[in-house]
Amino acid sequence: TELNLNSCSGITNVGLRYIINTMKLLKILKLNSCYSISDDIIKDFPKELPLLQELDISSCDKITVKGISSLSIGYNKQLISLTIDDCPRINTLGIESIINNCTNMKVFRTRRNNISNDLLQLLSEKCLHIHTLNISDNRNISDSGLIPT
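This section reports on the structure supplied with the text.

Calculation criteria
Residues numbered from 1 in each chain as written. Predicted model: local features only at pLDDT ≥ 70, side-chain atom pairs only at ≥ 80, totals over all residues. Heavy atoms only, no water. Helix = DSSP H or I, 4+ residues; strand = E, 2+ residues; numbered from the N terminus. Rg over C-alpha atoms; globule rule 2.2 N^0.38 Å. Buried < 20%, exposed > 50% of the residue type's maximum accessible area, 1.4 Å probe, protein only. Contact = heavy atoms within 4.5 Å. Areas by Shrake-Rupley, 256 points an atom, 1.4 Å probe, with all protein chains shown as cover. Lys, Arg positive; Asp, Glu negative; His and termini not counted. Charge placed at Lys NZ, Arg CZ, Asp CG, Glu CD. Salt bridge = Lys/Arg side-chain N within 4 Å of Asp/Glu carboxyl O. Axes fitted to C-alpha atoms, helices over the stretch in contact; angles between N-to-C directions. Parallel < 35°, antiparallel > 145°, perpendicular 65-115°, else oblique. Nonpolar A, V, L, I, M, F, W, Y, C, P; charged D, E, K, R; others polar.

## Things to note about the overall build of the protein
Across its full length, the protein holds seven helices and six strands. Along the chain direction, N to C, the helices and strands of the protein fall in the order β-α-β-α-α-β-α-β-α-β-α-β-α. Relative to the globule expectation of 15 Å for 149 residues, the C-alpha radius of gyration of the protein, 15 Å, shows essentially globular dimensions. In terms of overall dimensions, the protein has C-alpha extents of about 50 × 25 × 20 Å along its principal axes. Burial status across the protein gives 46% buried among its 149 residues. Partitioning the contacts of the protein with sequence separation of at least 6, the portion at a separation of at least 24 is 78%. Total accessible area computed for the protein in this model is approximately 7300 Å², and 50% of it derives from carbon and sulfur atoms. A gap of 5 Å separates the mean positions of the 16 positive and 15 negative side-chain charges of the protein.

Shown next, in the form of structure tokens:
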């Protein structure tokens, strides 16, 4: 089951809570540019949406390292696709939590999120199933992040 709410900027945690309470079988959820969605709802996804495998929370400005860490720990190896493009409040600690916990990811998109060379190396060590990786517009990446040590 898939739900695409991309660019539904009027959706808040209240509306999304209603949706997740009635659509427990969701496997794919797209919330790109849902600007009012925050950590308060994201942290409940693992409990409320136990079958979720793919999530896009790009440009959700209110989601922070706290929410994404809670999400990654809750889903652990179940999450296979995560898109967090343009999420300025998900810092390197949040990305590290994703990499350490969601080791079965096949698709990871983290465009414009200041991923570092160290995190790129960690990703190559932990997430061995990645077949799609978007790290574009990350100015902190250099050759040392791409070449194994």
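## Concerning the pattern of salt bridges
Enumeration over the complete set of coordinates arrives at eight salt bridges. The shortest N-O distance in the salt bridge between E2 and K30 comes to 3.4 Å. One end of the pair, E2, is in strand β1 (residues 2-4); the other, K30, is in strand β2 (residues 28-30), with 28 residues separating them in the sequence. You can call K30 partly exposed: its relative accessible area is 27%. With a shortest N-O distance of 2.5 Å, E48 and K24 are connected by a salt bridge. With E48 in helix α3 (residues 45-48) and K24 in the loop between α1 (13-22) and β2, the pair connects residues that are 24 residues apart, well separated along the chain. When its relative accessible area of 13% is taken as the criterion, E48 is described as buried. The partly exposed category is assigned to K24, whose relative accessible area is 34%. Salt bridges sharing partners connect three or more residues here, namely D86, R111, R112 and D137.

## What about the packing of helix α5 (residues 92-101) against helix α6 (residues 117-126)?
Running from N to C, α5 and α6 point in directions that differ by 10°, and their axes come no closer than 9 Å. Taken together, the axis directions place α5 and α6 in an arrangement best described as roughly parallel. Across from T92, I95, E96, I99 and N100 in α5, the residues of α6 making contact are L119, L122, L123 and K126. Residues of the contact of α5 with α6, tallied by class, amount to five nonpolar, two polar and two charged.

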